[in-house]
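# Close look at the chain arrangement
Take a look at the letters that make up each chain.
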Amino acid sequence: MNTNTHYKLKHFIPWTRAKIYKMLLLSIIPTLLFYFLELNWLAIPWVPIALLGTATAFISGFKNTQTYNRTWEARQIYGAIINSSRAFGIMVKDFVRNNDKVKESELHKEIIYRHFAWLTALRFQLRETKSWENVKTRSYYKEYLKYYTVPEWETDLSEELKPFLSEKELGYILSTKNRATQILATQSEHLRKLNEEGLISNYNYVALENQLKDLYDQQGKCERIKNFPYPRQFTSVNLYFTNMLCFLLPFGFLGEFSKMIEKFGEHIIWLTVPFSVLIGWVFLVLEQIGESTENPFEGNPNDVPITQITRNIEIDLREMLGETVLPPALQPVNNILM
């Protein structure tokens, strides 16, 4: 997530410079052929290009709206995880009782630390790379990685889970495929045992289980976004229409500027290049921006900041436990917060 008011041009232009090079090439070649070889047939009417541009604008707008909705839904889900985590924390503190206050505190810590393990396992799963994601395949994303780091790619899950789980639980969780799911299952099993021992009343036990169900619901929503890409047919048609428009733009501008040769001279035709580059760049950048918001957990600078959200939840719940030595809140690096 970018925490600045906007992307600076020194970042945005390099991020999109491949599009500028592409439009320079597409516009210079037909202009050279028209100017030096007098291939006047290269100039085509503007009307069909304008119609194609209108269709492309609608398609780009549709894609960007839908990909933004995926990102916003992901942020709403993590907002719900924040609320459910805080509710789970206070319910554990108030519902799990023991006459021995020391043992009671240890129980609270064990359960809430297991919740930290769930948050950690979930964010690691969401940062795993899928075949349709872009950060590790597109050169402009890989180049932009020099401005920030993805914590889940820099650390090991087993090391991150060690402070939160017993050695036995850690070994079991790491042997499973869906670690986050099994952590919640382990949490439920522990709560059942506490209920059987009389440390949680039946009513409170049901309330705590409902909180676990809610966490499962939020995890499932995250997995739905992570494991189901923005439909490829919509991505493809937007890509094809945008590239077709950018290819035809110079020919349309040749047709328009060729009408002005008698009045302004033959050099007016060279305005085809900057105008084609500008208009083509706008459409290509819109396509790239939509692409950058398709997958809100993939590790790009426009992601939902799940690492920072997880840390904030951890700080809140540690304070509920009465801890005073807290991990620091994560701060943006080059205005990027992961």
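I will try to describe carefully the structure that is included in this document. Numbers given to residues run from 1 along each chain, matching the order in which its sequence is written. For this predicted model, a pLDDT threshold of at least 70 governs which residues receive local features, and a threshold of 80 or more governs which side-chain atom pairs are given and counted, while totals over whole chains, interfaces and linings are taken from all residues. Hydrogens are left out, water is left out, and the side-chain values use all remaining heavy atoms of the structure.

### Observations concerning the overall build of the protein chain
Comment: elements are numbered from the N terminus, with helices defined as DSSP H or I runs of at least four residues and strands as E runs of at least two. Per the secondary structure count, the protein chain includes 13 helices and 0 strands. In sequence order, the protein chain lays out its α and β elements as α-α-α-α-α-α-α-α-α-α-α-α-α. The size measure is the radius of gyration over C-alpha atoms, and the globule rule it meets is 2.2 Å times the number of residues to the 0.38 power. Relative to a compact globule of 338 residues, whose C-alpha radius of gyration would be 20 Å, the protein chain shows 27 Å and is clearly more extended. In the protein chain, which comprises 338 residues, the proportion classed as buried is 47%. Residue pairs in contact within the protein chain that sit at least 24 positions apart in sequence constitute 79% of those at least 6 positions apart. Exposed residues in this analysis have more than 50% of their type's maximum accessible area, buried residues have under 20%, and partly exposed residues fall in between, with area computed by a 1.4 Å probe over protein chains only. Contacts are residue-level and defined by heavy atoms, with any inter-residue pair within 4.5 Å sufficient.

### Examining empty space enclosed by the protein
Put simply, the grid is 1 Å and covers the protein atoms alone, a cavity is a trapped set of points that fit a 1.4 Å probe, a pocket is an open set with protein on both sides within 12 Å along at least five of seven lines, and lining residues have an atom within 4 Å of a point. Grid points are joined across faces, edges and corners, and a volume is the space filled by probe spheres set on the points. Going through the model one piece at a time under the given rule, you end up with 1 cavity of 30 Å³ or more. Considering only enclosed or pocket space, the largest cavity measures out at about 40 Å³ in volume. Along its surface, the largest cavity is lined by Asn2, Asn4, His6, Tyr7, Lys8, His11, Tyr144, Asn334 and Asn335.

### Comments concerning the packing of aromatic side chains
Aromatic ring pairs are reported here in terms of the distance separating the ring centres and the angle at which the planes meet. Centres within 6.5 Å make a pair out of two Phe, Tyr or Trp rings, where for Trp the six-membered ring is used; the pair is then stacked when the planes are under 30 degrees apart, edge-to-face when over 60, and tilted otherwise. Applying the stated rule across the entire model yields 22 aromatic pairs. Ring centres of Phe247 and Phe251 lie 5.5 Å apart, and the angle between their planes is 55 degrees; this geometry places the pair in the tilted category. On the criterion of helical spacing, the pair formed by Phe247 and Phe251 is a turn pair, its members being 4 residues apart in helix H10 (residues 232-258). Given a relative accessible area of 13%, Phe251 falls into the buried group. Whether a charge lies above a ring is judged from NZ of Lys or CZ of Arg, which has to be within 6 Å of the ring centre and within 35 degrees of the ring normal. Seen from the ring of Trp153, Lys136 lies directly overhead, with NZ or CZ sitting 4.2 Å from the centre.

### Considering the side chain of Gln187
Within the secondary structure layout, Gln187 lies in helix H8 (residues 179-196). Residue Gln187 is classed as buried on the basis of its relative accessible area of 1%. For this analysis, a polar contact is any N or O atom pair within 3.5 Å, provided that within protein one partner can donate a hydrogen and the other can accept it, and provided that sequence-adjacent residues contribute only side-chain to side-chain pairs. Polar contacts involving the side chain of Gln187 include one to the side chain of Arg114, which spans 2.5 Å. In this structure Gln187 touches Phe88, Ile111, Arg114, His115 and Leu212, once residues within four positions along its chain are discounted.

### Some details on the nonpolar core
Joining through side-chain atoms within 4.5 Å is the link that ties buried Ala, Val, Leu, Ile, Met, Phe, Trp, Tyr and Cys residues into a set, and such a set is a nonpolar core. Tyr78, Ile81, Trp118 and Phe297 are the most contacted members of the largest nonpolar core, which has 47 residues in total. The set of elements that each furnish at least two residues to this core consists of helix H2 (46-95), helix H3 (101-126), helix H6 (157-161), helix H7 (167-174), H8, helix H9 (202-227) and helix H13 (306-320). Of all the elements, H3 adds the most residues to this core, at 12 residues. If near-sequence neighbours (up to four positions away) are discounted, Ile81 is found in contact with Trp118, Leu119, Leu122, Gln218, Cys222 and Ile313. Counting residues in each nonpolar core, the second largest holds 14 residues, with Leu42, Leu52, Phe257 and Ile268 among its members.

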